[in-house]
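Here's the letter readout for the chains.
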Amino acid sequence: MNVAIFEEKEFLGGQLIKQTHKFFGSKDESAGIRGIYIAKNLINEIEKTENIDLYLNSMVMGYYEDGVITALVNNKMEKFIPKKVIIATGAFEKSIPFENDDLPGVFGAGAVQTLMNVYGILPGKDVLMIGSGNIGLIVSYQLAQARANVKGIVEISDHIGGYLVHASKVRRLGIPIYTQHTIVKALGKNKVEGAIIENIQTHEKKEISCDVICLATGLMPLSDILNQINCEMKYIPELGGFVPIRDENLKTTVENVFVAGDVAGIEEATAAMLEGELTGLYAAYEITGKFDKRINTIKERLKDLRKTSSKVVNGLKKLNLYEDFIVEPHESLGDLHKTGIPEEEKIENLLSSKKERFAILECFQKIPCNPCVSSCPTNAIKMDGLNEIPKLDYDKCIGCGNCVAVCPGLAIFVIDKKKESVILPYEFYPLPEKGEFVEILDREGNLLERNQVLSIRKMKDKTNLIEVKVSKENLKHSRHIRVVR
Amino acid sequence: MKNRAAVVIIGGGINGVSIAYNLAKAGVKDVIVLEKKFLAYGATGRCGAGVRQQWGTKQNCILSRESVKIFENIKDELKVDIDIEFKQKGYLLLAFTEKEWNQFHKNVQLQNSLGINSKLLSPQEAKEIVPFLNTEKLLGAAYYEKDGHANPFLTTLAYAKAAEKLGVKIYKGVEVFDIHVKEGKIKGVYTNHGYIATEKIVNAAGGWSQEIGKMVGVDLPVYSERHEILATEPVNEILGPMVMSFSYNIYCQQTPHGSFVMGYGPKETSKSMRSTWQFLETMAKKVTYLLPPTKNLRVVRQWAGYYNISPDRQPIVSSCNEVEGFYMAIGFSGHGFMLAPAVGVIMKDIILGNKLTWDVVLDIGRFERNEIIKEPSVV
């Protein structure tokens, strides 16, 4: 079967090539792997597959009633007549209006990621992030890695939108999250010099100086081509806006047209990859008549992945999909949901072991993720299902740190009471030297003490393990280090 | 939604709202406009947005001349603060054949006799108006500087607002399923939002006017034809007038916003309102030949709409012999937008039983009386 890929950009990979963080999800898919490497692997696969024609720098313009697709290839309108069409155009960013929102220095989070991670350009020094969904949290973390100063994350809701492990990651860098706040004004004459944020309950205002305001306020399916084709669309806020009506095989209301990924509804990248595979296999089945059993497997995997995503599932129900599907109710995570910092009590439970050296799994939220389980050489980590909380068998745990290195949420640490040390995941430059004194920080990025680096394990995927000496009383609080030279 | 009205107008295009406005202005209470989608959804919102007075028949000349007078003073007329982006930079009509050139002579004579001061130009004179015009094989041109452009959406909105201020109710998303006729008289309309009792209905349904006629058992002598059109990215102003050629079958104008809007007549009729890639290819060839700098423009949009064609390419603004209380403003043949200000006035005259404001023959009976003079100048 011959496949043609049309891509408007001069390179493949879409959003994946900006995702420098490790993905959640199942080990069976790409969990624990950074988005950029997933993209690399997929691109390699495509390039070595002979029956895929790549049209880069090629914008699809329309799909007409007579079955012709037109695309602008090398500035010429070329025509193609495909048997099946899969539309995977992704999404675009929503914005929120505020005073002076047209000042230079107001960016979408996607633009910041593109500048930083594709072109290596830092958009500014001091950044105010608007939105605490996964994108807001992840981009804040990446900005900090690139040595920008993230002045805060503003969230209008009373709880953090993204995964809480991502929130904890940015909190330990000292980045505050202002829940129940929104931006009301950008300051500055010719460019952004600051912002005024406001507490939506008390209306108390706060001025924050910054040269970048980064908007991570949600995504909307990029559905222009679907409208041009006359696909029946439905407004479903849970899926990001107007989405195409489709069946469980992602077939739209227009014959031979499929959708996959964010254009079908905003979801995590892992779901998009599964949907891509599903539509590919299903379209092939319609052409050849040969049914690949993997189609059913993927549908099951998607269900598994969506077990805790009530938003997505409720959206799909409005499309008459997943009708009997029951989403597990969200448990209240108390302060963790508001601050990104787990309560004392939750931590104490993890420390109750009499052992000298063991892992601490600060993973309290049900999300689809399991790389820690298979990383453990002694099978000490158990999970009842992809979305369950991992449980550590303290008797089996030898405190090796493997799980610390693989956890996509950087939520696992090893403490050694006898040695008085903590093993931390570390994804920043510069790396400390063995024996160097570094600043030890707590979960909010506050300085606890200065102490010595005992060992460094440089990992291939760049989540390095740093073992630092820590005084006894700080063992349970030490969650990050800062290299000061 | 109200369930009773003096007049129900079917169609929220420019003619529907113009008729509604003129009825309300004349003191008719309880006028309702029903629009199945949204204002200007049909031909109005899809048209080329040109305003021309250089026609080949008396009726079209008078209607367009009077409409331009209203366009020129639209704010005084409607008393709403909406800029309809009316510009008068002319229409340049090109003659490439002897037959065309002869027709232009006749047209200009007729137009001049009706107060439309159009003139004939040599190819060189045409080039002075559009310096980059390809004048190869051009015999001459007709030009009138008072022709031009208006924004169909804003004009419709302006009329709708003005009508609403005078008490007209405009219901969007309301589709007429059937018309209640009893003993040859209109009694009401059935819609997806219920029944409205009325004794007068105006069929201003444009591309769907044939279907509305069938609801009262009348076979109207109109049919709908898909025409396609495109718009380019906006650029600085380089083209003043609408450039039009009947033999090359093309029109092209730069709007005040800077985009170029262009189209041509189709070879075959289609019931579809979707656009085609064939149009893009042919349009590009035509326009870049005639106006070479357009080859640098990028197309941003293409769309299609219906011309509701009448036998003589002139509108039918009329009552109906078979059904009392049934009126029609149909068959605009691709120039309904530019005639709408005057058509609203004429339809008001007909419904109120007044003498027509202008000396025009637009009634449906003209086809039976064999008084047909076909408009020769339509793309």
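Values in this document were obtained by computation on a predicted structure and should not be read as measured data. (Residues numbered from 1 in each chain as written. Chains lettered and ligands numbered in written order. Predicted model: local features only at pLDDT ≥ 70, side-chain atom pairs only at ≥ 80, totals over all residues. Heavy atoms only, no water.)

Caption draft 1: Broad picture of the overall build of chain B. Looking only at helices and strands, one finds 10 helices and 19 strands in chain B. Scaling as 2.2 N^0.38, a compact globule of 379 residues should have a C-alpha radius of gyration of about 21 Å, and chain B matches this with 20 Å. When burial is assessed residue by residue, chain B has 61% of its 379 residues classed as buried. The contacts of chain B with a sequence gap of at least 6 include a subset with a gap of at least 24, amounting to 73%. (Helix = DSSP H or I, 4+ residues; strand = E, 2+ residues; numbered from the N terminus. Rg over C-alpha atoms; globule rule 2.2 N^0.38 Å. Buried < 20%, exposed > 50% of the residue type's maximum accessible area, 1.4 Å probe, protein only. Contact = heavy atoms within 4.5 Å.)

Caption draft 2: Region of interest: unusual backbone geometry. Looking along the chain, the bond that leaves A:Tyr429 and enters A:Pro430 is cis, with omega of 0°. Considering the arrangement of structural elements, one finds A:Pro430 in the loop between strand 24 (421-426) and strand 25 (437-441). A positive phi angle, close to 45°, is found at A:Leu410, a residue other than glycine. Tracing the backbone through its elements, the reader meets A:Leu410 in the loop between helix 12 (402-406) and strand 23 (412-416). Unusually for a residue other than glycine, B:Asn249 sits at a positive phi of about 60°.

Caption draft 3: Geometry of the state of the cysteines. Under the criterion given, the structure shown has 0 disulfides over all chains. For A:Cys210, which is in no disulfide, the shortest distance to another cysteine sulfur is to A:Cys214 and amounts to 11 Å. (Disulfide = S-S within 2.5 Å.)

Caption draft 4: Structural detail: the pattern of salt bridges. Residues and elements named next belong to chain A. This model, assessed by the stated rule, comprises 41 salt bridges over all chains. Here Lys22 ties to Asp461 by a salt bridge, and the two come within 2.9 Å at their closest N and O atoms. In this pair, Lys22 is assigned in the loop between strand 1 (3-6) and helix 1 (35-48) and Asp461 in the loop between strand 26 (447-457) and strand 27 (464-469), connecting sequence segments 439 residues apart. Looking at Lys22, the relative accessible area reads 2%, which means it is buried. (Salt bridge = Lys/Arg side-chain N within 4 Å of Asp/Glu carboxyl O.)

Caption draft 5: How the structure looks around the domain arrangement of chain A. Residues and elements named next belong to chain A. As assigned here, chain A comprises domain 1 (3-88 + 222-298), domain 2 (95-217) and domain 3 (336-482). A C-alpha centroid distance of 38 Å is found between domain 1 and domain 3. Counting residues at the interface gives 10 residues for domain 1 and 15 residues for domain 3. Here domain 1 packs against domain 3, burying approximately 930 Å² in sum over the two surfaces, 52% of which is carbon and sulfur. A per-residue breakdown of the area domain 1 buries against domain 3 is headed by Lys22, Phe24 and Arg34, which together make up 53% of the total. At the boundary of domain 1 and domain 3, one finds 2 salt bridges. Where Glu427 meets Arg34, a salt bridge forms, and the shortest distance between an N and an O atom there is 2.8 Å. The tally of links from domain 1 across to domain 3 stands at 9 residue pairs in polar contact (both at pLDDT 80 or more). For the side of domain 1 that touches domain 3, the residue count by class is 4 nonpolar, 3 polar and 3 charged. (Domains from an automatic or database assignment. Buried area = accessible area lost by both parts, 1.4 Å probe. Polar contact = N/O pair within 3.5 Å; in protein donor to acceptor, adjacent residues only side chain to side chain. Nonpolar A, V, L, I, M, F, W, Y, C, P; charged D, E, K, R; others polar.)

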